[in-house]
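Listed here are the chains, written in short residue letters.
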Amino acid sequence: MRYETARRHLVSVIEDMVAWQLLNPAGGAVSVRMPDGNILLSCTRLAFDRWKVSPRDFIVLAPDGEIIEQTGGLGASGTPVHLDLYRMLPRAGAVVHTHAPYSLVYASLGLPVPSVTNRADTFGDIPCLLADDSAVKADFIANPVPLDLPAGMVNRPDVAAVSLLEYRPQLEKVIAPRADELQRHGLAFTLYRHGAFTVGRQLEETVDLMLRLEETARTALLQPQLTGGAVYPNRVFRPEWRGAAAQP
Ligand SMILES: [Zn+2]
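You'll find the protein entered in an unreviewed UniProt entry as Ribulose-5-phosphate 4-epimerase/fuculose-1-phosphate aldolase, with Streptomyces achromogenes given as the organism.

Next up, the structure:
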């Protein structure tokens with residue numbers, strides 16, 4: 001079995017992400033790019049299996065999606081998004097996709113996630129990519145068009161149609177031009193009514209980015225409890241606060 005060390009590392013990272021409530025049975029996928037360019041990607045049934053994961057539960061794909069080594073299931077329906085991100089972002093070393101709860105609130109409304117914490121300031125914009133999944137799937141089933149599906153992906157062309165026809169052009173337009181930002185920091189975005197993606201140079205960083213994304217989304221959702229409804233996406237630090245502590 002190829003990449004045993006990387007597989008064991010992925011297992012332990014996935015177990016941590018489950019414990020931190022970033023990954024849950026609703027879905028998600030984790031991938032890393034190996035030094036030889038191949039992609040090690042979690043298999044589609046892992047979420048359904050409540051993330052009871054072993055080193056065999058990853059598929060090795062070539063950058064074009066061909067199967068290099070299959071020891072478990074196939075890649076999830078979001079496989080094209082992972083492959084697109086590695087192709088568009090040459091510095092990307094890992095991609096994490098989750099249905100984590102707080103960023104999903106913003107994604108459910110098609111809103112970008114605001115940065116309200118210092119750990120999220122480094123991201124830059126956190127856009128929401130928009131697609132009407134149900135309509136695209138129904139259109140595709142009624143009028144299928146040829147799709148260039150990765151071989152190592154679960155056979156759901158209607159779901160892949162959403163990634164390939166709707167999200168790929170948006171990734172090209174919104175995410176690919178930000179490739180140089182990966183020299184300094186990772187990137188994050190959400191998919192409408194679906195979930196979140198983070199991209200970083202290596203796996204630990206990319207998992208931490210998902211934590212950062214959830215921190216800022218949760219904090220922004222709670223701010224109205226103190227402000228009577230407003231969210232402060234920008235810093236409100238005032239010069240006179242310098243060296244002082246807020247007193248009751
Ligand atoms: Zn998903």
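## Looking at helix H2 (residues 79-88)
With seven of 10 residues buried, H2 is to be regarded as a mostly interior element. Every buried residue of H2 is accounted for by Thr79, Pro80, Val81, His82, Leu83, Leu85 and Tyr86. Here the buried face of H2 lies against strand E1 (29-33), strand E2 (39-42), strand E5 (94-98), helix H6 (157-175) and strand E8 (195-200).

## Focus on the sheet that holds E2
Through backbone hydrogen bonds, the strands of a sheet pair up, either in parallel or in antiparallel fashion. The eight strands lie next to each other as E4-E3-E2-E1-E5-E8-E7-E6, forming an open sheet whose pairing is mixed. The open sheet has two edge strands, strand E4 (67-70) and strand E6 (128-129), and neither has a second partner. Two elements, E6 and strand E7 (residues 187-191), share two bridges in a ladder whose sense is parallel. Each bridged residue has a counterpart across the sheet, and for Cys128 the counterpart in E7 is Thr190. In this fold helix H1 (residues 4-19) packs onto E1, E2 and strand E3 (58-61), with an angle of close to 145° to the strand it touches most, E1.

## Description of the packing of helix H5 (residues 133-142) against H6
H6 packs onto H5 with a crossing angle of 115° between their chain directions and a minimal axis gap of 9 Å. Taken together, H5 and H6 sit at an angle that is classed as roughly perpendicular. Two packed elements cross with a definite hand, and for H5 against H6 that hand is right-handed. Facing H5, whose interface residues are Asp133, Val136, Lys137, Phe140 and Ile141, H6 presents Pro157, Asp158, Val159, Ala161, Val162, Leu165 and Glu166. The residue inventory of the contact of H5 with H6, partitioned by class, reads eight nonpolar, no polar and four charged.

## Examining the nonpolar core
Soluble globular proteins: nonpolar side chains tend toward being buried together. Leu40, Ala188, Phe189, Met210 and Leu213 are the most contacted members of the largest nonpolar core, which has 67 residues in total. With eight residues, H6 is the largest single contributor of residues to this core. With near-sequence residues (within four places) excluded, Leu40 lies in contact with Tyr3, Ala6, Arg7, Leu10, Ser31, Val32, Met34, Phe58 and Val60.

## Examining the environment of Asp133
In this structure, Asp133 sits in helix H5. Given 16 C-beta atoms within a 10 Å radius, Asp133 is considered partly exposed. In the structure, Asp133 is positioned 70 residues away from Pro63 in sequence and 25 Å away in space, judged by C-alpha atoms. Beyond its immediate stretch of four places on either side in the chain, Asp133 contacts Val162 and Arg193.

## Description of the pairing of E2
Burial of the side chains of E2 extends over both faces: Ile39 and Leu41 are buried on one face and Leu40 and Ser42 on the other. Where E1 and E2 come together, three bridges link them in antiparallel fashion. The partner of Val32 across the bridge, within E2, is Leu40. Taking the residues that link successive antiparallel strands as the turn, the E1-E2 hairpin has five residues, and the phi of Gly37 there is positive, at about 100°. Inspection of the sheet shows E2 paired to E3 by four bridges, in the antiparallel sense. Opposite Ile39, over in E3, you have Leu61 as the bridge partner.

## Things to note about the pairing of E1
Burial of E1 is extensive: five of the five residues sit out of reach of the surface. Where burial is concerned, the two faces of E1 agree: the one with Ala29, Ser31 and Arg33 and the one with Val30 and Val32 are both buried. Examined bridge by bridge, E1 and E5 share four bridges and lie antiparallel to one another. Residue pairing in the sheet places Val30 in a bridge with Val96 of E5.

## As for the packing of H2 against H6
Relative to each other, H2 and H6 sit at 25°, their axes nearing to 10 Å. The angle between the axes of H2 and H6 places the two elements in the roughly parallel class. Here H2 runs over H6; the crossing is right-handed. Between H2 and H6, the residues in contact are Pro80, Val81, Asp84 and Met88 and Ala160, Ser163, Leu164, Tyr167, Arg168, Leu171, Glu172 and Ile175, respectively. Class assignment of the residues belonging to the contact of H2 with H6 gives a composition of eight nonpolar, one polar and three charged.

Here is what the cut-offs are and how they apply
Residues numbered from 1 in each chain as written. Predicted model: local features only at pLDDT ≥ 70, side-chain atom pairs only at ≥ 80, totals over all residues. Buried ≥ 20, exposed ≤ 12 C-beta atoms within 10 Å, placed from the backbone. Helix = DSSP H or I, 4+ residues; strand = E, 2+ residues; numbered from the N terminus. Contact = placed C-beta atoms within 7 Å. Pairing = 2+ DSSP bridges. Axes fitted to C-alpha atoms, helices over the stretch in contact; angles between N-to-C directions. Parallel < 35°, antiparallel > 145°, perpendicular 65-115°, else oblique. Left-handed = near helix turned anticlockwise from the far one by under 90°. Nonpolar A, V, L, I, M, F, W, Y, C, P; charged D, E, K, R; others polar. Core = buried A, V, L, I, M, F, W, Y, C linked by C-beta atoms within 7 Å.

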